[in-house]
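Report on the structure
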Amino acid sequence: MTKTILLRIVIVIAICGALFLAYRTLSQYSLDDITSSIAQIPKTSFLLSLGFAALSYLCLTGFDYLALHYAGKPLAYPKAALASFTGLSIGHNVGVAALSSGAVRYRFYTRWGLSAEEIAKVILFCGLTVGIGLITLAGLCLLILPESAAKVGGMDPVTARLVGGLCLAVIAVYLMAAAIIRGSVTIIKWPFTLPSLPLAAGQVVIGTANFACVAACLHQLLNASAGYMETTTAYVVGNLTALVSHVPGGLGVLEATITYLMGGAASIGALIAFRVVYFFIPLPIGLILLVISELTLASPSAEPASSEAG
């Protein structure tokens, strides 16, 4: 009972933090600033950005679905999707996703029969998939269009190709290790059990697809003032900077990095619209789903915990 109360307190704090950070960001701009920024974006582009954002969150639900198989506790996809979207729609705004979205995931998965160790495996797997997706997409950008990537990254095309090749080599080594090594390996004193090759390949595909969709969302809002590969490279660098900074939700860091790398191509209006589309619109949906789940799943008539695949 004490653990349940503490977890609910953590979730309430996360919700309040997300709402406060959303308010703090939006309060920097007047309602006219926000509406005019969005109004300047063609309706088709804005709708496409919403579609790409939705596809990204769909990919993210796949992170959890694969992770549950990795942890040996596969659940029906709707359960994985509910825990993933609810946790990440809040975690993206709060920051430190492993803790903020992890607390929400813990709330769901414990009710469905997972132990703390199994939930930790799910969170670790999802975090690793994020890194794999970023590295793979960066490598592809640098190899496919090194001139565009070099323009953003400030390196010559030859260096861009070399860095891109190195990124993809890292992914190839990971896939080979997943195919060959069974059992756990120790990385910086931490034991880690490699996933099977199909799960590792799934990480590469769905992790890359997720960030490709996010970059496409941003690209639509820039109103074609920059190429897709340039936008993608800037977003990858900006996202890495935000992750390293640990600033809640990458607040200001993501925008500042993208503006620095892309110059005039990244208007403040487009970046405001991007944060609204990708961060703020999913937030109330996630909060509503969390409240509904607390009222239903925690009720006496709720289904018993189960770890059966659906």
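Now for the overall build of the protein. For the protein, the helix and strand inventory stands at 13 helices and two strands. Going through the 310 residues of the protein one by one, you find that 50% of them count as buried. If you take every contact in the protein between residues at least 6 apart in sequence, the share linking residues at least 24 apart comes to 71%. As displayed, the protein has an accessible area near 14400 Å², and 73% of this comes from carbon and sulfur atoms.

So, about a nonpolar patch on the surface. On the surface, Leu-55, Leu-58, Tyr-65 and Tyr-77 cluster together to form a nonpolar patch covering roughly 340 Å² of accessible area. At three residues, the largest contribution of residues to the nonpolar patch is made by helix α3 (residues 43-70). Along the polypeptide, Tyr-65 turns up in helix α3.

One pass over the full model with this rule turns up eleven aromatic pairs. Where Phe-108 meets Trp-112, the ring centres are 5.6 Å apart and the plane angle is 35°; that geometry is what we call tilted. Here Phe-108 and Trp-112 have matching classes, each one buried. Cluster of aromatic residues (ring-pair linked, three or more members): Tyr-57, Phe-85, Phe-211, Tyr-235, Phe-274, Tyr-278 and Phe-279. Above the face of the Phe-279 ring, Arg-275 is positioned so that its terminal group lies 4.4 Å from the ring centre.

It is worth spelling out the confidence of the model for the protein at this point. Looking at the protein, pLDDT values average 80 and 70% of them are 70 or higher. Looking across the protein, the model is least confident in helix α1 (residues 2-26), with a mean pLDDT of 58, and most confident in α3, with 96. A low-confidence stretch, residues 303-310 (pLDDT under 50), is modelled with 21 contacts involving residues beyond four sequence positions or located in other chains.

Attention now goes to the pattern of salt bridges. Under the counting rule described, the total for this entry stands at three salt bridges. Between Asp-64 and Arg-105 there is a salt bridge, and its shortest N-O distance comes to 2.7 Å. Of this pair, Asp-64 sits in helix α3 while Arg-105 sits in helix α5 (residues 97-111), and the two are 41 residues apart along the sequence. Just as Asp-64 is buried, Arg-105 falls in that class too. Measuring nitrogen to oxygen at the nearest pair gives 3.3 Å for the salt bridge that ties Arg-111 to Glu-294. Highlighted residues: Arg-111 in helix α5 and Glu-294 in helix α13 (residues 282-296), separated in sequence by 183 residues.

Position of Gly-113 relative to the elements: it lies in the loop between α5 and α6 (116-144). Measuring from C-alpha to C-alpha, the distance between Gly-113 and Leu-75 comes to 9.9 Å, with 38 residues separating the pair along the chain.

So, on to the packing of helix α8 (residues 157-180) against helix α9 (residues 197-221). Each pair of packed helices can be described by the angle between their axes along with the distance between the axes. Their axes nearest at 8 Å, the elements α8 and α9 cross at an angle of 160°. Judged on the interaxial angle alone, α9 and α8 are roughly antiparallel. Crossing handedness for the pair α8 and α9: right-handed. Between α8, through Ile-171, Tyr-174, Leu-175, Ala-178 and Ala-179, and α9, the contact on the second element is made entirely by Leu-197, Ala-200, Ala-201, Gln-203 and Val-204. Residue classes in the contact of α8 with α9 are distributed as nine nonpolar, one polar and no charged.

Here α13 is 15 residues long and its end C-alpha atoms lie 21 Å apart, about the 21 Å a rise of 1.5 Å per residue gives. Within the sequence span of α13, burial applies to Pro-282, Leu-283, Gly-286, Leu-287, Leu-290, Ser-293 and Glu-294. Angularly, the buried residues of α13 cover 135° about the axis, an arc narrow enough to put them on a single face. The exposed set on the far side of α13, more than 90 degrees from its buried face, consists of Ile-288 and Leu-295.

Let's shift gears to the side chain of Thr-208. Its place among the elements puts Thr-208 in helix α9. When sequence neighbours within four positions are dropped, the list of residues in contact with Thr-208 reads Gly-133, Thr-136, Leu-137, Leu-140 and Gln-203.

In the structure shown here, the tally under the stated rule is zero disulfides. In this structure Cys-59 is a free cysteine whose sulfur lies 4.7 Å from that of Cys-213, the closest cysteine sulfur available. No disulfide involves Cys-217; its sulfur sits 9.4 Å from that of Cys-213, the nearest cysteine.

Mapping Asp-156 onto the fold places it in the loop between α7 (146-153) and α8. Measuring from C-alpha to C-alpha, the distance between Asp-156 and Pro-146 comes to 8.1 Å, with ten residues separating the pair along the chain. Within the structure, the side chain of Asp-156 is placed 3.1 Å from the backbone nitrogen of Val-158, a separation counted as a polar contact.

What follows covers the environment of Ser-184. With respect to the helices and strands, the residue Ser-184 is situated in strand β1 (residues 184-187). For the pair Ser-184 and Pro-195, spaced eleven residues apart in the sequence, the C-alpha separation amounts to 9.6 Å.

Rules used in this analysis
- Residues numbered from 1 in each chain as written.
- Predicted model: local features only at pLDDT ≥ 70, side-chain atom pairs only at ≥ 80, totals over all residues.
- Heavy atoms only, no water.
- Helix = DSSP H or I, 4+ residues; strand = E, 2+ residues; numbered from the N terminus.
- Buried < 20%, exposed > 50% of the residue type's maximum accessible area, 1.4 Å probe, protein only.
- Contact = heavy atoms within 4.5 Å.
- Areas by Shrake-Rupley, 256 points an atom, 1.4 Å probe, with all protein chains shown as cover.
- Patch = residues over 30% accessible without salt bridge, like charges linked within 9 Å, V, L, I, M, F, W, Y side chains within 5 Å.
- Salt bridge = Lys/Arg side-chain N within 4 Å of Asp/Glu carboxyl O.
- Phe/Tyr/Trp six-rings, centres within 6.5 Å; stacked < 30°, edge-to-face > 60°.
- Lys NZ or Arg CZ within 6 Å of the ring centre and 35° of its normal.
- pLDDT = per-residue confidence, 0-100.
- Axes fitted to C-alpha atoms, helices over the stretch in contact; angles between N-to-C directions.
- Parallel < 35°, antiparallel > 145°, perpendicular 65-115°, else oblique.
- Left-handed = near helix turned anticlockwise from the far one by under 90°.
- Nonpolar A, V, L, I, M, F, W, Y, C, P; charged D, E, K, R; others polar.
- Expected span 1.5 Å × (residues − 1).
- Arc of directions from axis to C-beta.
- Disulfide = S-S within 2.5 Å.
- Polar contact = N/O pair within 3.5 Å; in protein donor to acceptor, adjacent residues only side chain to side chain.

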